[in-house]
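Architecture and fold: a report
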Amino acid sequence: MKQTPSGSEPLLVTVLVFPGVRLLDVTGPIEVFASANEFGGRYRVRTVSPDGAGVVTAAGTALGVDLAAAQARDVSDVVVVPGGPEWPSLIKDDALLDTVRALDARARHTASVCTGAFLLAAAGLLDGREATTHWRFADQLALRYPRVTVAADALFVRDGHITTSAGVSSGIDLSLALVEEQLGAEVARAVAKDMVVFMQRPGGQSQFSVRTRVPRARQEMLRRVLDAVAEDPAAPHTLAAMARRAGVSTRHMTRLFHDEMTTTPARYVEQVRVEAARALLEGGDDPMATVARRTGFGSPESMRRAFTRNLGITPGAYRARFRSTREPALKPLSTLGT
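What this report covers is the structure whose coordinates are included nearby. Since we're looking at a predicted model, the values are computed, not measured. Within each chain, residues carry numbers counting from 1 in the order of the written sequence. The predicted origin of the model limits local features to residues at a pLDDT of at least 70 and limits the giving and counting of side-chain atom pairs to 80 or more, whereas totals for whole chains, interfaces and linings rest on all residues. Side-chain numbers here rest on the full set of heavy atoms in the structure, without hydrogens or water.

Some details on the pattern of salt bridges
Here, a salt bridge means any side-chain nitrogen of Lys or Arg that lies within 4 Å of a carboxyl oxygen of Asp or Glu. According to the stated counting rule, one finds 12 salt bridges in the structure shown. Across the salt bridge formed by D77 and R108, the nearest N and O atoms sit 3.0 Å from each other. Of this pair, D77 sits in the loop between β5 (67–68) and β6 (78–81) while R108 sits in the loop between α3 (94–105) and β7 (110–112), placing them 31 residues apart in sequence. The classification of residues rests on relative accessible area computed with a 1.4 Å probe and restricted to protein chains. Under 20% of the type maximum is buried, over 50% is exposed, and intermediate values are partly exposed. Residue classification places R108 among the exposed positions, given a relative accessible area of 53%. Across the pair D127 and R147 runs a salt bridge, and its minimum N-O distance is 3.5 Å. In this pair, D127 sits in the loop between α4 (116–122) and β8 (130–131) while R147 sits in the loop between α5 (138–144) and β9 (149–150), placing the two residues 20 residues apart along the sequence. Taken together, the shared-partner salt bridges in this structure form one network comprising R44, R46 and D74. Helix and strand assignments follow DSSP, with helices taken as H or I runs no shorter than four residues and strands as E runs no shorter than two, numbered in order from the N terminus.

Topic: the nonpolar core
L16, Y43, V100, L119, L126, Y145 and V179 are the most contacted members of the largest nonpolar core, which totals 59 residues. Beyond its immediate chain neighbours, meaning those up to four positions away, L126 contacts A117, L120, A121, A131, R147, V148, I162 and T164. Within this scheme, the nonpolar core is defined by two criteria: the residues are buried Ala, Val, Leu, Ile, Met, Phe, Trp, Tyr or Cys, and they are joined through side-chain atoms within 4.5 Å. The next biggest cluster of nonpolar side chains, apart from the first, holds 15 residues, and it includes L226, A246, M253 and L256. Contact criterion: two residues are considered in contact whenever any of their non-hydrogen atoms come within 4.5 Å of each other.

Thoughts on the environment of T295
Summarising the element assignment, T295 is placed in the loop between α12 (288–294) and α13 (300–311). Accessibility expressed as a relative area gives 1% for T295, which makes it buried. Spatially, the C-alpha atoms of T295 and P233 are 5.5 Å apart, while their sequence positions differ by 62 residues. If sequence neighbours within four positions are ignored, T295 has contacts with P233, A234, R273, A276, A277, L280 and M303. In protein, a polar contact requires one atom able to donate a hydrogen and another able to accept it; more generally it is a pair of N or O atoms within 3.5 Å, and residues adjacent in sequence count only if both atoms are side-chain atoms. From its side chain, T295 meets the backbone oxygen of V291 in a polar contact 2.7 Å long.

Right, dumping it as structure tokens:
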């Protein structure tokens, strides 16, 4: 097991809190780093607020803090900036934004959770960077801060020394990724298993966005093809059909997908169909045969094979995972995190 060398300085994690902060945005990352210490880590976690006073979270829970942010003058290995449901007001709080900038200036790595991305963006720290936030507010982030490239479906996005994560519990995913980077995969896996969470969750935060996960096509002819597949996944999107739509040969179409999308036409079509099927499985009760037909798979067996290739689970298990919290739809609890 990879450990921080004996006698070395602890890895310092500074978590910012403020009135109205979302509780799990704070406690989720803290639990990950604290748990890592049980498996060879050497994290020192502290909480700071802009004025050093305790705060009341959005859940009504009172939190004490270790010190005022201005007193945290040493360099943090990680600064965690959580979010809160009242983010439209928070991004107008100049004192809070100054605190965010000051903490970032003394951080090796800055990470936001959920709507904490709005604080980073309002502070100017995401200009020219790619970022994510809760899927419900991704459009708002892109609209308010056009210099930020928003990856709406990602669980977390790293760009330089800044990582942004999606909704609430994704702060745990982000923190596990940081533990893996700093202490190794074995420690992160042990923490995930101990906390009974996934080491890496399948899919993105909304579970529905192939287009946000692949590179943006540079050529208009290819973008037209991609749009056609997304608009009607059930249509017969053969290689020949896509080549005709773009006005190129099948060989050239294959080359375009390879060069610009780093995948094959068939693989891309399958991924779009899987995400379309996901949406139907999450939001409805249609029989598997109906879902398969409406998403272009033709048969439940073809859909099952595609789900297994892309997600490692069957459509039935996927539906159960998103429709019920009472049954272990994917794995027994004892195997989570492995």
